[in-house]
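Observations on chain architecture
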Amino acid sequence: MSPSDVKSFADTPPLRGGAQDVFYAQNNIVPLPVITHTKGIYMWDENGNEYIDASSGPVVSNIGHGNERVADAMAEQARQMDFAYSRVARHQPNIALTDRIATLSGPGYERVALSSGGSEAMEIAIKFVRQYFVATGQPERRHLLTCQPSYHGSTIATLGMSGDEALGDFFDGFGMTSHKVPAPLTYRLPKSHTPESYAKFSLEALEAKIQELGPNTVLAFAMEPVGGLATGCTVPLPAYFEGIREICSRHRIFLIFDEVLCGTGRTGKFLNAHYYPDALPDIVVMAKGLGSGYAPLGATLFPARLVDHLSTLTGFNFSHTYNASPITCATGLAVLDEYERLSLIDNAAAMGDYLRERVWALADEFPIIGDVRGKGLLLGIELVADPVSKEPMAAQFLPTEKIRIHGLNNGLMIYSRRTAGGKYGDWFLLSPPLTITRTECDELMRRLMNTMTGFTKEWEEYE
Ligand SMILES: Cc1ncc(COP(=O)(O)O)c(C=O)c1O
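My aim in this report is to walk through the structure given alongside it, one point at a time. Every chain is numbered on its own, with residues counted from 1 as its sequence reads. For this predicted model, a pLDDT threshold of at least 70 governs which residues receive local features, and a threshold of 80 or more governs which side-chain atom pairs are given and counted, while totals over whole chains, interfaces and linings are taken from all residues.

We now examine the overall build of the protein chain. Check the secondary structure of the protein chain and you find 13 helices and 15 strands. Computation of the radius of gyration draws on C-alpha atoms, with the globule rule given as 2.2 Å multiplied by the number of residues to the power 0.38. Taking 463 residues into account, the globule formula puts the C-alpha radius of gyration at 23 Å, and the protein chain, at 22 Å, falls close to it. Each of the three principal axes of the protein chain carries a C-alpha extent, and together these read 65 × 60 × 45 Å. Long-range contacts, defined as pairs at least 24 residues apart, comprise 73% of the intrachain contacts of the protein chain with a sequence gap of at least 6. Going along the chain from the N terminus, every DSSP run of H or I of four or more residues is numbered as a helix, and every run of E of two or more is numbered as a strand. Any two residues are considered in contact once their C-beta atoms, placed from the backbone, lie within 7 Å.

Following this line, the structure appears as structure tokens:
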């Protein structure tokens, strides 16, 4: 059965992942395809249907699929030295990878702690700042500030930091949560606000929250410099970055950029932070593209002065078994070699400009495209009922699920997810592998045009 044969959940065959389905999204109207092989920007399912990986999974497969050089590096490392534990030994792949990341990240990020993904890397950032303040005699600093909406991961602590009102019941009387301040949204704003005035409003709200809590009780402010699923790739204005840097410095609060999704070259620079040289964060958190789907890898970047200072006091006392597994480190090095060999960061900037222009042109034809935002090859496309009023589509229509299905029917694997119960709008991500060529962009756009045609027709019938 192909996705197009299935019209409603009642027609679907039994759950395809068996008991595993309970651990992942279960509310899919059509079953998820079972992928059997992948190459470059393409994926194929068990029935031979071909898809372009239009969102790189959840924005992870930056170097594309089926890269032989990376596969060889992984196999070679597994044969030579599969594992050495970081609490009892040191190894060269760890040293080499952290040196490489520090070099690519530049001044201010000389020390790099490795981990198994974005949530762990984010946890390392917050455990570090807490330990730093405790070790330097400021144990009263215990509050974290983050944006509403936002996403920082799926461990208990990072869920608690994420700005998602839908998690209200889950956290009621349970777990650690951060204090939320308004995200610097740029599209659907309260009446009478422009993006500029809303950025100013968000900065004032941050300052007010710090004053309310007491500046000496705050650890850090963490934010996504380009949003992911939670804001549909919102890019805050430069004045916002200057403002948060000034506020955090004045109160001696750490500024943390969560670049799990937007880092590692996706927006056209190795770190998105490099776009704001006068407002660099103290700590940067990375993951996703660093392992590019070949191995689970995260990294937390710190300035040498902080890490070296802490090492003279208590050191950093937390680790995980797989923090810096040799195979993962060898994978990360091979991935970064491919970034260099294929000039992927420059390609992300060039193809990002090209795709953005093509998608905006599509908006002339499909007025349900309300906004196209993002940077480089990280684009969010917002779907609306009315582009003038920016009124979202009816929740019962399930727009994010419907666009996924029309994508599948037209050979596009699209990542879309209703976040915060759809409160802030509905969007999907266009973030193909950074290897994408202009011809492949054209093919992606042809499939997206067909996807939008099918989706619009269904929306018009529903209305
Ligand atoms: C901005 C951001 N932070 C953190 C995470 C968590 O990363 P992981 O899923 O690797 O734990 C994600 C994942 O989507 C993310 O987009």
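Further remarks concern the pairing of strand β4 (residues 111-115). Exposed residues have 12 or fewer other C-beta atoms within 10 Å of their own C-beta, buried residues have 20 or more, and residues in between are partly exposed; the C-beta atoms are placed from the backbone. In terms of residue burial, β4 counts as a mostly covered element, since 4 of its 5 residues are buried. Strands qualify as paired when DSSP identifies two bridges or more between them. Of the pairings in the sheet, the one linking β4 to strand β10 (residues 298-302) comprises 5 bridges and is antiparallel in character. When the bridges of β10 are listed, R111 appears paired with F302.

With omega at 0 degrees, the peptide bond leading from Q148 into P149 counts as cis. Not every positive phi belongs to a glycine, and C233 is a case in point at roughly 65 degrees. On the neighbour-count criterion, C233 (28 C-beta atoms within 10 Å) is buried.

Counting buried residues along helix α12 (residues 399-409), 10 of its 11 residues qualify, which places the element largely inside the surrounding structure. Taken together, the buried positions of α12 are occupied by P399, T400, K402, I403, R404, I405, H406, G407, L408 and N409. Where α12 is buried, its residues meet β12 (378-383), β13 (412-413), β14 (415-416), β15 (426-430) and α13 (438-462). Following α12 by one or two positions, G411 adopts a phi angle in the positive range, close to 75 degrees.

Little of helix α9 (residues 304-313) is tucked away, with 0 of its 10 residues classed as buried. The first or second residue beyond α9 is G315, which carries a positive phi of 75 degrees.

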